[in-house]
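Here are the chains, one letter per residue:
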Amino acid sequence: MKKVLLIGAGKGGSALLPVLCEDKEVEVIGVVDINPAAPGFKIADELGIPTTSNYKDFLEKNHVDVVLNLTGNPSISDEIKEKRGGTEVLGGLSAKIMWNLVSERKRREEEKTKLAEDLERLNIALTESKEYLENILEHSADIIITTDTNRNITMFNRGAENMLGYKRDEVIGMPADRLYYDKSDRQKILEILKRDGSVLNYETKLKTKDGRIIDISLTISQLKDNAGSVIGTVGISKDITKRKEMETKLKETNQELNNFVYTVSHDLKAPLRAIDGFSGFLLEDHADKINDDGRLYLKRIRGGAQHMQSLINDLLELSKIGRISNPFEEVSISELLEQIKEEFQFQIKEKNAKIEINGNMPVIYCDKIRIYQVFSNLITNAIKFTKKGVTPEIKIGCEDRDSYWEFYVKDNGIGIAKEYHKRIFEIFQRLHKPEEFEGTGIGLTIVKRIIELHKGGIWLESEEGKGSSFFFIIPKKVT
Ligand code: ADP
């Protein structure tokens, strides 16, 4: 083993010292520096290596095979070589190369350690987020199931256990098809999945372990590996059984209500006709026997009965929308508008109204009778709610918006203040006294319901005194 003396405990010395100590061929027996605060001294102390400021003295007292001169001062090397022939001295360029090599190795090692630490941190973060995600999947109240390419279940979360009654171990490896109430539905879902890559909010039914049927809304997508190959599916299902029950109940209640309105309205019609008819007879045939007050009251009775008849007719129409559905057909809107103009020619002439149809009207797939009602309600309102002394101008048009048609009916009438834009579509909502404008406040409710029946929407743009523009959209494909 070579006994080595290190002269110079600065940067180079402190870098070399630990490396030399690791070498089994070398024993560092001392470290020399004239600076008592040299960093290499601290390392030497830790390693139990003697330190001194006097190399000459040290060399006198100890046998040294190799002196490493890291001071950069060649005279020290020369002096030792001269006085101690048997001692090898490494200094100047050779010491510098050695020091460079060592510091480079040290730098690399530090880098390696840092990389390893970074990797470790990344690994921890990855594990944490994986656990976090797994936790979310596991504890989600929704049913989360993954399958492999053979349609067998590979993951079954706690939500699935709770809702379907199976334990995970019972279903892992089982074909997912078995969970479906209607197997052909599963087939349909897989076909859409293959075509579109995902299926959103598909409503279907699953069978629980104890044979109950639950309604679910399923969103399913393909699972792919890093190379992009499909390795299975992941499906998330929400239990919508309660919602479905409520929807059915609501439908039944609505149906009952509609039937009730229909029956009541129908039964009310006959006595009303009698009131209207008999008060008419009294006014026409017995007017001479009734004084002025009596005649005024009779007129009021007749007016009231007639208003009630309009209300009943409109209510009957409204109840029909939910009860009676007409088959959809291709309808030419231009022809339909011509029929409306003909039906209301008296009102149009009376008000001297101008009706302008902008551009070509499309042929749309719809319930003809209902869409006729939509246009006739909007057009008669536009003729009715006009400003005194202003010729009513009504513009009707349609824009092709790719997947839907957007129609408009615009007028230059009295307009509607913003705060009423939503409310006017509610039943019996009227913004004027009967003596200003007659009506029932049901027309726009009918219009809105019909549009909704066609899966469309209606809105308006208007300001008080500045005319109204009603817009409604009808999807081209009504399912
Ligand atoms: P009705 O016309 O029988 O009163 P609607 O349901 O058709 O009932 O309309 C509700 C209310 O909306 C009307 O009473 C009127 O105040 C307002 N309205 C409807 N259309 C127009 C219009 N084109 N211009 C101004 N106000 C309108």
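Everything quoted here is computed from the prediction, not taken from an experiment.

Definitions and limits used
- Residues numbered from 1 in each chain as written.
- Predicted model: local features only at pLDDT ≥ 70, side-chain atom pairs only at ≥ 80, totals over all residues.
- Heavy atoms only, no water.
- 1 Å grid on protein atoms, 1.4 Å probe; cavity = no way out; pocket = protein on both sides within 12 Å on 5 of 7 lines; lining within 4 Å.
- Points joined across faces, edges and corners; volume = space filled by probe spheres on them.
- Helix = DSSP H or I, 4+ residues; strand = E, 2+ residues; numbered from the N terminus.
- Nonpolar A, V, L, I, M, F, W, Y, C, P; charged D, E, K, R; others polar.
- Salt bridge = Lys/Arg side-chain N within 4 Å of Asp/Glu carboxyl O.
- Buried < 20%, exposed > 50% of the residue type's maximum accessible area, 1.4 Å probe, protein only.
- Pairing = 2+ DSSP bridges.
- Axes fitted to C-alpha atoms, helices over the stretch in contact; angles between N-to-C directions.
- Contact = heavy atoms within 4.5 Å.
- Polar contact = N/O pair within 3.5 Å; in protein donor to acceptor, adjacent residues only side chain to side chain.

S.K.: Got a minute to help me understand empty space enclosed by the protein in this structure?
M.R.: Following the criterion strictly, the structure yields 1 cavity of 30 Å³ or more and no others. Considered as a void within the structure, the largest cavity measures approximately 130 Å³ in volume. Contributing to the lining of the largest cavity are 14 residues, with I145, Y180, R186, L218 and S237 lying nearest its centre. For the lining of the largest cavity, the secondary structure elements donating two or more residues are β6 (143–148), β9 (213–224) and β10 (230–239). For the lining of the largest cavity, the class distribution of residues is 9 nonpolar, 4 polar and 1 charged.

S.K.: Looking at this model, I keep getting lost on the pattern of salt bridges. Mind explaining?
M.R.: For side chains bearing opposite charge, pairing can occur when the charged atoms are close. Within the structure shown, the criterion is met by 33 salt bridges. Among the ionic pairs, E317 bridges to K320, the shortest N-O distance being 3.2 Å. One end of the pair, E317, and the other, K320, are both in helix α10 (residues 292–323), 3 residues apart, so they sit about a helical turn from each other. A relative accessible area of 22% means that E317 is categorised as partly exposed.

S.K.: What should I look at first to understand the sheet that holds β9 in this one?
M.R.: In a beta sheet, neighbouring strands are held together by backbone hydrogen bonds and run either parallel or antiparallel to one another. The 5 strands lie next to each other as β7-β6-β10-β9-β8, forming an open sheet whose pairing is antiparallel. Both edges of this open sheet fall to β7 (153–156) and β8 (198–207), since each of them pairs with a single strand only. Strand-to-strand twist in this sheet, taken as the mean axis angle between neighbours without regard to direction, amounts to 25 degrees. Pairing of β6 with β10, which is carried by 6 bridges, proceeds in the antiparallel orientation. In the sheet register, I143 faces β10, and the bridge partner there is S237. On top of the sheet, helix α9 (residues 241–285) reaches β8, β9 and β10; it is set at about 130 degrees to β9, its chief contact.

S.K.: Explain the side chain of T445 to me, please; I cannot follow it from the model alone.
M.R.: Structurally, T445 is set in helix α14 (residues 443–453). The buried category is assigned to T445, whose relative accessible area is 9%. A polar contact is formed between the side chain of T445 and the backbone oxygen of E426, at a distance of 3.4 Å. Reaching out from T445, the side chain makes a polar contact with the backbone nitrogen of I427 at a distance of 3.3 Å. Not counting chain neighbours up to four residues away, the residues in contact with T445 comprise L318, F425, E426 and I427.

S.K.: Is there a simple way to think about the layout of surface pockets in this case?
M.R.: If you roll a probe as big as a water molecule over the atoms, it shows you where there is empty space left. Reported here for the largest pocket is a volume of approximately 1500 Å³. Contributing to the lining of the largest pocket are 45 residues, with N381, K384, E438, G439 and T440 lying nearest its centre. For the lining of the largest pocket, the secondary structure elements donating two or more residues are α10, α12 (345–351), α13 (368–384), α14 and β17 (468–475). Considering each element in turn, the lining of the largest pocket owes the most residues, 9 residues, to α13. Grouping the amino acids of the lining of the largest pocket by side-chain chemistry returns 15 nonpolar, 19 polar and 11 charged.

S.K.: Mind showing me how you'd approach the pairing of strand β4 (residues 66–69) here?
M.R.: Look at any regular strand and the pattern is simple: side chains alternate between the two faces of the sheet. The two faces of β4 match: V66 and L68 on one face and V67 and N69 on the other face are all buried. As paired strands, strand β1 (residues 2–7) and β4 are joined by 4 bridges and run parallel to one another. Following the sheet pairing, I7 is matched in β4 by N69. In the sheet, β4 pairs with strand β5 (residues 88–90) via 3 bridges, with the strands oriented parallel. The partner of V66 across the bridge, within β5, is E88.

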